[in-house]
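# Report on the structure
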Amino acid sequence: MKRLNLPLMLIFLLTIITYSHCYSQDPPRIQGSNFWSNVRFGGGLGFGLNNGGFNASIFPSALYEVNPQFAVGTGLNFNYAKYDDIKRVAYGGGLLAFYNPIPFLQLSTEYEQLRINYTAGVGPNAIEDNYWSPALFVGAGYRQRNVTFGIRYNLLHDEGRSIYANDWEPFVRVYF
């Protein structure tokens, strides 16, 4: 439970500190009724570290802003992970939904389905495997205009088969 407290406290403090400043700003307006005027392109970057490994991901995506508070979208994912002598390369797609209860706070859910190419060891004794792995993230971030910094938690994290180093992952998202 102590692992959960630090990220939540940081997000909570950031929210309180910036609430009065950001709440007074007008939220972004969705202009026009044309479908394409409500579509935003961009994506995110992710990374994770632990004692024996590294994980990095890139997630280009497109969002449709249903209204100023809610957006849904889809994206592609490429991910690389290395833990000791184990290497995983993953690719796939995902669905996402963002909710902004107040202009600077973005809550998110993301579902990914990734094809993982797994290699353990080197040389003739190396073990290889290919399989599908799902991930379901819930997250929160600080949003300023078109950039969001935050952290997300993988509800389906499987330490033996997941591409991610651990269940917590910081992120940066940018949409235009």
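On a predicted model such as this, the values are computed, not experimentally measured, just so you know. (Residues numbered from 1 in each chain as written. Predicted model: local features only at pLDDT ≥ 70, side-chain atom pairs only at ≥ 80, totals over all residues. Heavy atoms only, no water.)

### A few points about the nonpolar core
For clarity, the cut-off: In these notes, a set of buried Ala, Val, Leu, Ile, Met, Phe, Trp, Tyr and Cys residues joined through side-chain atoms within 4.5 Å is what counts as a nonpolar core. Whether a residue is buried, partly exposed or exposed follows from its accessible area with a 1.4 Å probe, protein chains only, as a fraction of its type maximum: under 20%, in between, or over 50%, in that order. Strands here are runs of E lasting at least two residues and helices are runs of H or I lasting at least four, both read from the DSSP assignment and numbered beginning at the N terminus. Any pair of residues with heavy atoms lying within 4.5 Å of one another is described as a contacting pair.
One finds Ala 90, Leu 114, Ile 116, Ile 163 and Tyr 164 to be the most contacted residues of the largest nonpolar core, which totals 13 residues. Going through the elements one at a time, β3 (70-83), β5 (105-120) and β6 (127-144) are the ones with two or more residues in this core. Sequence-distant contacts of Tyr 164, defined by excluding residues within four places in its chain, comprise Asn 55, Asn 77, Asn 79, Tyr 83, Glu 112, Leu 114, Ala 135, Phe 137, Arg 152, Asn 154, His 157 and Glu 169.

### Remarks on a nonpolar patch on the surface
The criterion, for reference: Think of a patch as exposed residues, more than 30% relative accessible area, with no salt bridge, where like charges cluster within 9 Å and nonpolar side chains (Val, Leu, Ile, Met, Phe, Trp, Tyr) cluster within 5 Å. Accessible surface area values rest on a Shrake-Rupley calculation with a 1.4 Å probe, where residue burial reflects the displayed protein chains alone. Any Lys or Arg side-chain nitrogen found within 4 Å of a carboxyl oxygen on Asp or Glu counts as a salt bridge.
Together, Leu 45, Phe 47, Leu 49, Phe 54, Ile 58, Phe 78, Tyr 80 and Tyr 91 line one region of the surface with nonpolar side chains, adding up to about 790 Å² of accessible area. Listing elements by their share of the nonpolar patch, those giving two or more residues are β1 (39-50), β2 (53-65) and β3. The leading source of residues in the nonpolar patch is β1, at three residues. Locating Ile 58 in the fold gives a position in strand β2.

### Observations regarding the packing of aromatic side chains
Cut-off, in case you're wondering: Any two of the Phe, Tyr and Trp rings considered here, Trp counted by its six-membered ring, make a pair once their centres fall within 6.5 Å; the pair's planes then place it as stacked at under 30 degrees, edge-to-face at over 60, or tilted in between. Charge-over-ring placement is defined geometrically: NZ (Lys) or CZ (Arg) within 6 Å of the ring centre, and within 35 degrees of the ring normal.
Tallied over the full model, the rule gives five aromatic pairs. Measuring from centroid to centroid gives 4.9 Å for Tyr 153 and Trp 168, while their planes differ by 55°, and the two rings are tilted. Of this pair, Tyr 153 sits in strand β7 (residues 147-154) while Trp 168 sits in strand β8 (residues 168-175), and the two are 15 residues apart along the sequence. On the accessibility criterion, Tyr 153 (27% relative accessible area) is partly exposed. Members of the aromatic cluster, each reached through a chain of ring pairs, are Phe 35, Trp 36 and Tyr 64. The lysine or arginine in question, Arg 161, covers the ring of Tyr 131, its NZ or CZ lying 3.6 Å from the ring centre.

### Section: the pattern of salt bridges
The final tally for this structure, using the stated rule, is six salt bridges. Between Glu 65 and Arg 40 there is a salt bridge, with its nearest N and O atoms 3.3 Å apart. One end of the pair, Glu 65, is in strand β2; the other, Arg 40, is in strand β1, with 25 residues separating them in the sequence. The class for Glu 65 is buried, based on a relative accessible area of 17%. According to the relative accessible area criterion, Arg 40 is partly exposed, its value standing at 21%. The shortest N-O distance in the salt bridge between Glu 169 and Arg 152 comes to 2.5 Å. Note that Glu 169 is positioned in strand β8 and Arg 152 in strand β7, a separation of 17 residues in sequence. Ionic contacts of the salt-bridge type, sharing partners, join the residues Glu 110, Glu 112, Arg 152, Glu 169 and Arg 173 into one network.

### A short note on unusual backbone geometry
With phi around 50°, Asp 84 is a residue other than glycine that occupies positive phi space. With respect to the helices and strands, Asp 84 occurs in the loop between β3 and β4 (86-102). A positive phi is found at Arg 145, a non-glycine position, where the angle reads about 60°. By secondary structure assignment, the location of Arg 145 is in the loop between β6 and β7. Assessed through its relative accessible area of 72%, Arg 145 is described here as exposed.

### Details of the environment of Phe 78
Mapped onto the secondary structure, Phe 78 falls in strand β3. According to the relative accessible area criterion, Phe 78 is partly exposed, its value standing at 43%. Those residues in contact with Phe 78, other than ones at most four positions away along the chain, are Ala 56, Ser 57, Ile 58, Val 89 and Ala 90.

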